[in-house]
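Each chain, written out:
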Amino acid sequence: MISQRQHRAASHFGLGVSRRDIAAMGDDPKGWLVDQLDAKRATTLDVPSTQETLFAYQEAFAERRRMQASAEGNESKARDAQVMQRQFRQRARQTVGEQVGRRFNFAVTTAAPFRERLVHFYSNHFTVSQ
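Residues numbered from 1 in each chain as written. Predicted model: local features only at pLDDT ≥ 70, side-chain atom pairs only at ≥ 80, totals over all residues. Heavy atoms only, no water.

A. Structural detail: the packing of helix 3 (residues 29–36) against helix 6 (residues 113–125). At a minimum axis separation of 7 Å, helix 3 and helix 6 run at an interaxial angle of 55 degrees. When the axis of helix 3 is compared with that of helix 6, the two are oblique. Residues Trp 32, Leu 33 and Gln 36 of helix 3 touch helix 6, and the partners they reach there are Pro 113, Phe 114 and Arg 115. Per-class residue counts for the contact of helix 3 with helix 6 are 4 nonpolar, 1 polar and 1 charged. (Axes fitted to C-alpha atoms, helices over the stretch in contact; angles between N-to-C directions. Helix = DSSP H or I, 4+ residues; strand = E, 2+ residues; numbered from the N terminus. Parallel < 35°, antiparallel > 145°, perpendicular 65-115°, else oblique. Contact = heavy atoms within 4.5 Å. Nonpolar A, V, L, I, M, F, W, Y, C, P; charged D, E, K, R; others polar.)

B. Local environment of the packing of aromatic side chains. Applying the stated criterion across every chain yields a total of 5 aromatic pairs. Centroid distance Phe 13 to Phe 114: 5.8 Å. Interplanar angle 85 degrees. Geometry classified as edge-to-face. You can see Phe 13 sitting in the loop between helix 1 (4–12) and helix 2 (19–25) and its partner Phe 114 sitting in helix 6, a full 101 residues away along the chain. Assessed through its relative accessible area of 14%, Phe 114 is described here as buried. What links up through ring pairs into an aromatic cluster is the set Tyr 57, Phe 61 and Phe 88. (Phe/Tyr/Trp six-rings, centres within 6.5 Å; stacked < 30°, edge-to-face > 60°. Buried < 20%, exposed > 50% of the residue type's maximum accessible area, 1.4 Å probe, protein only.)

C. Fine view of the packing of helix 4 (residues 50–71) against helix 5 (residues 75–109). Contact geometry for helix 4 and helix 5: axes closest at 8 Å, N-to-C directions at 170 degrees. By the criterion of interaxial angle, the relationship of helix 4 to helix 5 is roughly antiparallel. Crossing hand, helix 4 versus helix 5: left-handed. In this structure, helix 4 contributes Thr 53, Tyr 57, Ala 60, Phe 61, Glu 63, Arg 64, Met 67, Gln 68, Ser 70 and Ala 71 to the contact, and helix 5 contributes Lys 77, Ala 78, Asp 80, Ala 81, Met 84, Gln 85, Phe 88, Ala 92, Thr 95, Val 96 and Gln 99. Partitioned by chemical class, the residues of the contact of helix 4 with helix 5 number 11 nonpolar, 6 polar and 4 charged. (Left-handed = near helix turned anticlockwise from the far one by under 90°.)

D. Representation of the pattern of salt bridges. This model, assessed by the stated rule, comprises 3 salt bridges. Across the pair Arg 66 and Glu 63 runs a salt bridge whose closest N-O atoms are separated by 2.8 Å. On the criterion of helical spacing, the pair formed by Arg 66 and Glu 63 is a turn pair, its members being 3 residues apart in helix 4. Here Arg 103 makes a salt bridge to Glu 116, at a shortest N to O gap of 2.6 Å. Here the residue Arg 103 occupies a position in helix 5, and Glu 116 occupies one in helix 6, the gap between them amounting to 13 residues. With relative accessibility at 25%, the residue Arg 103 sits in the partly exposed group. Judged by its relative accessible area of 3%, Glu 116 falls in the buried class. (Salt bridge = Lys/Arg side-chain N within 4 Å of Asp/Glu carboxyl O.)

This is a description of form; function is not addressed.
Here is the structure:
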């Protein structure tokens, strides 16, 4: 049987109520939440850093620009540049899809849902789109 304090801790501060989380918190929901903020318990997500991803995109863009510049007046090279551009877009969509999938899977399976909820909050809070 789940107590009101356990339910509140899991639903208000975590990513929802799960049997694993209820078992982990036991009779101390507050301690369970505080323990998740311990830096020693932090787990890392297996995705490249934003910096690594951006550098890879910059290299691909630079290569595409070089191909486009060398393709001026050469129909064969122009087609190669178009093919490369399509491949780049496809690879970019695939990379983003994989990273989003890993991020989602990590959030769903983490043993620290409170930390994950904070990550989601601040990711949304500091993200500005136009």
